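# Understanding the architecture of this molecule
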Amino acid sequence: MRAVFLLGLLLPISTGATDIEPLPQFDIRIKPLTLDEPRFTMSGSIRFCAKSGRKVAFVIPRGSTYSFTRNGAALDVSPQEGIDWPCEPGAAITFFGTSPVSMPKCGASHQEIYCLNRSLPNPEVISDSSRYQLHFELLKGYGGLSPDPSIALNYGIQFQIAQFAAPRRRKTKHFTFEYQFPKDFSPEDGYLDFIEKTLEDHAPMFGALPFHKVLVGAIRRGETTGEISGSPAGNLILFSRTALRDKPNLESLRGMGIQADVSDALRKMVIAHELSHFWFGRSFTGKDGWMVEGIPNYIGLVAVAKGSKGDYAELRKLFEYMDSQGPPGPIPNSPFGNGPLYIRAYYQGSLALAKIGDVVGHEKVLELVAGVYRHNADPAFADFDEAFKKAFPSQAALWTAAWKLTPQSGAQPGK
């Protein structure tokens with residue numbers, strides 16, 4: 001299935017149609033209607049050199065008021081099969097309107113606003129990826145934080161609006177980090193150190209990223225529930241304040257047998273998980289849900305294990321509990337989804353990798369995963385099955401048990 005994208009970067013367009021950037025390029029101006037809720041007036045232009053004979057389909061947010069024009073004339077972009085979009089120099093579609101009243105993954109609180117990827121506040125073009133240039137019309141003292149417009153995004157726009165303190169810049173071997181936090185928030189510096197070390201550890205194993213500058217922000221996501229979260233898009237990652245300092249809510253863990261204070265461990269697990277999405281779900285995909293979300297959860301667990309075996313043992317209880325609530329039977333060859341499929345992807349797949357790593361070594365498991373992806377960026381379970389049995393032929397029974405594969409199950413790793 002193709003992903004849905006929009007906002008983009010307006011690049012200079014030459015007189016030759018073949019020089020037009022092949023990805024949709026969006027230039028969007030965003031003006032909040034109020035700072036008390038995430039609702040905006042948006043206007044802008046979209047440039048795209050569609051292939052000859054190809055229809056270009058739009059996704060218009062339900063409840064929005066967007067209208068479109070081309071060459072000054074009103075344009076209907078609603079046909080489900082798409083519209084013709086000739087590859088002509090300077091050809092652009094413009095739009096204007098207001099976003100929906102309610103959008104998933106957008107929030108506003110204390111005069112701050114955020115919208116994360118997949119939130120769909122703006123019209124989108126169906127494409128494998130797009131580039132987005134965002135401009136913000138804001139009150140004096142406010143600023144907008146968004147990904148670098150030169151980087152193609154897979155899941156739409158992401159941004160934060162707030163009164164920001166001066167950015168903090170730090171450099172490591174492979175990256176320049178720019179931390180842009182609201183004036184009333186200061187993180188614990190140890191988590192900035194952890195962010196930097198984690199990406200430095202990941203880069204040699206999973207390969208170079210298409211950027212060297214990493215933007216990091218802190219939003220008020222989940223502040224009433226105390227959840228810990230993060231959302232990467234392009235070279236920007238927006239963490240909840242609880243991921244970098246504020247106290248999380250651990251009450252839900254008590255019924256899972258976790259009585260210790262695992263705030264630090266949970267923060268590090270989430271940070272490492274979300275940072276891994278700079279690779280997984282972007283350049284690394286996979287046929288199974290666990291490949292996109294289970295591997296990052298496992299990477300988070302390994303990060304915790306490196307710092308504290310005790311914390312690792314405590315967090316394993318969370319995964320074991322979730323595994324007990326999930327679907328029975330073989331874990332592989334299941335797509336990502338809600339309910340049982342969500343548990344299978346996030347928890348059962350990562351627990352299988354953890355069980356294997358406990359025996360053969362977690363670094364060796366991560367090296368095996370990286371090797372599979374270097375060979376095939378969109379692998380099937382059979383690729384991992386073959387690689388493991390080749391690397392660890394004496395541990396075939398461990399592999400079979402961890403993935404809940406039995407002769408009676410009828411599961412075939414190659415399918």
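It should be emphasised that the depicted structure is a prediction, and the values quoted were computed from it without experimental measurement. (Residues numbered from 1 in each chain as written. Predicted model: local features only at pLDDT ≥ 70, side-chain atom pairs only at ≥ 80, totals over all residues. Heavy atoms only, no water.)

Quick look at the nonpolar core now. In globular proteins that are soluble, nonpolar side chains generally tend to be buried together. Grouped together as the largest cluster of nonpolar side chains are 81 residues, with contacts concentrated most on Ile 195, Leu 244, Ile 295, Phe 384 and Trp 403. It is helix H5 (residues 289–307) that contributes the most residues to this core, 10 residues altogether. Discounting chain neighbours no more than four positions away, the residues touching Ile 195 are Phe 177, Tyr 179, Val 216, Phe 239, Leu 244, Ile 271 and Leu 275. By size, the runner-up hydrophobic cluster in this structure holds 32 residues, among which are Phe 48, Leu 75, Ala 91 and Phe 159. (Core = buried A, V, L, I, M, F, W, Y, C linked by side-chain atoms within 4.5 Å. Buried < 20%, exposed > 50% of the residue type's maximum accessible area, 1.4 Å probe, protein only. Helix = DSSP H or I, 4+ residues; strand = E, 2+ residues; numbered from the N terminus. Contact = heavy atoms within 4.5 Å.)

Taking every second residue as pointing to the same face, both faces of strand E11 (residues 112–115) are buried, with Glu 112 and Tyr 114 on one and Ile 113 and Cys 115 on the other. For strand E10 (residues 106–109) and E11, the ladder comprises 4 bridges, and the chain directions are antiparallel. Among the inter-strand pairings, Ala 108 is bridged to a residue of E11, identified as Ile 113. Bridging between E11 and strand E15 (residues 159–162) involves 3 bridges; their strand directions are antiparallel. Across the sheet, the residue bridging to Cys 115 is Phe 159, located in E15. (Pairing = 2+ DSSP bridges.)

With mixed pairing, the 5 strands of this open sheet are ordered in space as E16-E17-E18-E20-E19. Every other strand in the sheet has two partners, leaving strand E16 (168–171) and strand E19 (230–233) as the edge strands with one partner each. Pairs of neighbouring strands in the sheet enclose a mean axial angle of 20°, with direction left out of account. Bridge analysis of E19 against strand E20 (residues 236–240) gives 4 bridges, and the strand direction is antiparallel. Opposite Ser 231, over in E20, you have Leu 238 as the bridge partner. (Axes fitted to C-alpha atoms, helices over the stretch in contact; angles between N-to-C directions.)

Another aspect to go through is helix H9 (residues 381–391). Restricting attention to buried positions, one finds in H9 the residues Phe 381, Phe 384, Asp 385 and Phe 388. Projected down its long axis, H9 shows its buried positions confined to an angular sector of 100°, all on one face. Those residues of H9 that are exposed and aimed more than 90 degrees away from the buried face are Glu 386 and Lys 390. Where the residues of H9 are buried, they touch H5, helix H7 (340–360), helix H8 (362–375) and helix H10 (396–402). (Arc of directions from axis to C-beta.)

All told, the structure shown has 2 disulfides when counted by the stated rule. Across the disulfide from Cys 106 sits Cys 115; the S-S distance is 2.1 Å. Across the S-S bond of Cys 106 and Cys 115 the torsion is about 115°, and the bridge reads as right-handed. In this structure, Cys 106 and Cys 115 share a single accessibility class: buried. (Disulfide = S-S within 2.5 Å.)

A word on the sheet that holds strand E6 (residues 67–70). Here we have 6 strands laid out as an open sheet, ordered E7-E6-E9-E3-E2-E13, and mixed in their pairing. Sheet topology places strand E7 (73–75) and strand E13 (131–136) at the edges, where each strand pairs with a single neighbour. Neighbouring strand axes in the sheet, compared pairwise and without regard to direction, differ in orientation by 25° on average. When E6 meets strand E9 (residues 92–98), the two strands line up antiparallel, connected through 4 bridges. Within the sheet, the bridge partner assigned to Phe 68 lies in E9 and is Phe 95.

Further remarks concern the packing of aromatic side chains. Evaluation of the coordinates by the stated rule reveals 33 aromatic pairs. Seen from their ring centres, Phe 206 and Trp 279 are 5.8 Å apart, and the 55° between their planes marks the pair as tilted. With Phe 206 in helix H1 (residues 189–206) and Trp 279 in the loop between helix H4 (263–276) and H5, this residue pair connects regions lying 73 residues apart in the sequence. The class for Trp 279 is buried, based on a relative accessible area of 1%. Within the aromatic cluster, the residues linked to one another by ring pairs are Phe 206, Trp 279, Phe 280, Phe 284, Trp 290, Tyr 373, Phe 381, Phe 384, Phe 388, Phe 392, Trp 399 and Trp 403. When the ring centre of Tyr 155 is taken as origin, the NZ or CZ atom of Arg 118, which lies over that ring, is 3.8 Å away. (Phe/Tyr/Trp six-rings, centres within 6.5 Å; stacked < 30°, edge-to-face > 60°. Lys NZ or Arg CZ within 6 Å of the ring centre and 35° of its normal.)

Take the confidence of the model for the protein chain next. In this model, the protein chain carries a mean pLDDT of 92, and residues with pLDDT of at least 70 account for 92%. Within the model, the stretch residues 1–19 combines pLDDT values under 50 with 79 contacts to residues more than four positions away or in other chains. (pLDDT = per-residue confidence, 0-100.)

Our next topic: the pattern of salt bridges. Inspection of every chain in the model, using the stated rule, returns 22 salt bridges. Residues Lys 55 and Asp 84 are paired through a salt bridge, measuring 3.2 Å at the closest nitrogen-oxygen approach. Within this pair, whereas Lys 55 is found in strand E4 (residues 55–56), its partner Asp 84 is found in strand E8 (residues 83–84), the two being separated by 29 residues in sequence. Look at Lys 55 and you get partly exposed, because its relative accessible area is 40%. Accessibility expressed as a relative area gives 45% for Asp 84, which makes it partly exposed. For Glu 314, the salt bridge is made with Lys 317, and the minimal N-O distance between the two is 2.9 Å. A residue pair is termed a helical-turn pair when its members lie 3 or 4 positions apart in one helix, as Glu 314 and Lys 317 do in helix H6 (residues 309–325) at 3 residues. With relative accessibility at 16%, the residue Glu 314 sits in the buried group. Residue Lys 317 is classed as partly exposed on the basis of its relative accessible area, which comes to 29%. Bridged by salt links that share partners, the residues Glu 112, Asp 184, Arg 220, Glu 223 and Arg 241 form one connected network. (Salt bridge = Lys/Arg side-chain N within 4 Å of Asp/Glu carboxyl O.)

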